[in-house]
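# Summary of the model geometry
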Amino acid sequence: MKKYILDFRVSENVQLHDNYALLKLTPADGCPLPEMLPGQFVEVRVDRSPSTFLRRPISINFVDYPRNELWLLIRKAGEGTRTLCSLQADESLNLVLPLGNTFTLPESTQERVLLVGGGVGIAPMLYWGKYLKEKDYAPRFLLGVRSDKDLLQYDQFRQFGEVYVSTEDGSLGEKGFVTQHSILNEPFDRLYVCGPKPMMVAVARYARERQLFCEVSLENTMACGVGACLCCVEDTVEGHVCVCKEGPIFNIEKLKWQI
Ligand code: FES
């Protein structure tokens, strides 16, 4: 897919939570957004942050083509992401996009599909859920967070399928981790997962025990985003690969995780 370096304008910065902001962006020149696929990411240049030299990789959270809007869900993790979360409407942002691969579409719309997101790992699942729904699949979502106040974009997820929630403190949905949620007692054909690595490993173990198709979205440290710096390398059954180029989506059968 062709890649672009584009200036965007912040059309809205929605503070969803003390630690999260949702940036809604439109191309500064007013041109239509390029095609972007679920699971792909962008590299954001962080201006006004003297200690942030490298671009930051951010998952594509949602693409609203009718409004010509790209959404990025950003968690404050350091100076760079704090700067991004503080952007005001009409400020500009330079992005490289779209980067990385996409999820594998199920073969049949009859397949039972569960999209599992933990923490900021819910971000790519919203656009993937919309994409599946538009193609007549019936995705369901399982979202895992620490407590009820950490649950983000619930109403948006609800537009595209049933949503199940697990909270570590039991303040909403079922108490515990996503792998303890009762929805996993139901049969599924495919699982798609993004979140903290221990969560992805636990879901991958569940999938492997049942011989289910399972793809995970890796969040390895990234810098260049285009396969040049090698800082995102993952050891796979096909050798060492750059997550930014060959991923970030991988079938668990390709990974050398101790599942
Ligand atoms: Fe540089 Fe992947 S981020 S090679």
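In what follows, the accompanying structure is described. The structure displayed is predicted, hence computed values, not measured ones. (Residues numbered from 1 in each chain as written. Predicted model: local features only at pLDDT ≥ 70, side-chain atom pairs only at ≥ 80, totals over all residues. Heavy atoms only, no water.)

What follows deals with the environment of Arg 190. Tracing the chain through its elements places Arg 190 in strand 12 (residues 190-194). Placed 118 residues apart in sequence, Arg 190 and Leu 72 show a C-alpha to C-alpha distance of 26 Å. Apart from the residues within four sequence positions on either side, Arg 190 is in contact with Thr 104, Leu 105, Pro 106, Glu 107, Glu 111, Arg 112, Val 113, Leu 114 and Phe 213. (Helix = DSSP H or I, 4+ residues; strand = E, 2+ residues; numbered from the N terminus. Contact = heavy atoms within 4.5 Å.)

Reported here for the largest pocket is a volume of approximately 1,100 Å³. Considering the residues around the largest pocket, the lining is formed by 46 residues, among which Arg 75, Gly 119, Val 120, Gly 121 and Glu 219 are closest to the centre. Within the residue set of the lining of the largest pocket, elements represented by two or more residues are strand 4 (56-59), strand 6 (69-75), helix 1 (79-85), helix 2 (123-134), strand 9 (140-145), strand 10 (163-167) and helix 4 (197-209). Broken down by element, the residue count for the lining of the largest pocket peaks at four residues, all from strand 4. Class assignment of the residues belonging to the lining of the largest pocket gives a composition of 19 nonpolar, 19 polar and eight charged. (1 Å grid on protein atoms, 1.4 Å probe; cavity = no way out; pocket = protein on both sides within 12 Å on 5 of 7 lines; lining within 4 Å. Points joined across faces, edges and corners; volume = space filled by probe spheres on them. Nonpolar A, V, L, I, M, F, W, Y, C, P; charged D, E, K, R; others polar.)

What follows deals with helix 2. Of all twelve residues in helix 2, nine are buried; the element is thus mostly enclosed. Among all positions in helix 2, only Ala 123, Pro 124, Met 125, Leu 126, Tyr 127, Trp 128, Gly 129, Lys 130 and Leu 132 are buried. Directly beyond the C-terminal end of helix 2, a positive phi value near 75 degrees is found at Asp 136. (Buried < 20%, exposed > 50% of the residue type's maximum accessible area, 1.4 Å probe, protein only.)

Across a regular strand the side chains alternate sides, sitting on one face of the sheet and then on the other. Among the five residues that make up strand 10, five are buried, leaving the element largely enclosed by the rest of the structure. Every second residue of strand 10 is oriented toward a common face, with Val 163, Val 165 and Thr 167 on one face and Tyr 164 and Ser 166 on the other, all of them buried. Alignment of strand 9 against strand 10, held across five bridges, turns out to be parallel. Paired with Gly 144 across the two strands is Ser 166, which belongs to strand 10. (Pairing = 2+ DSSP bridges.)

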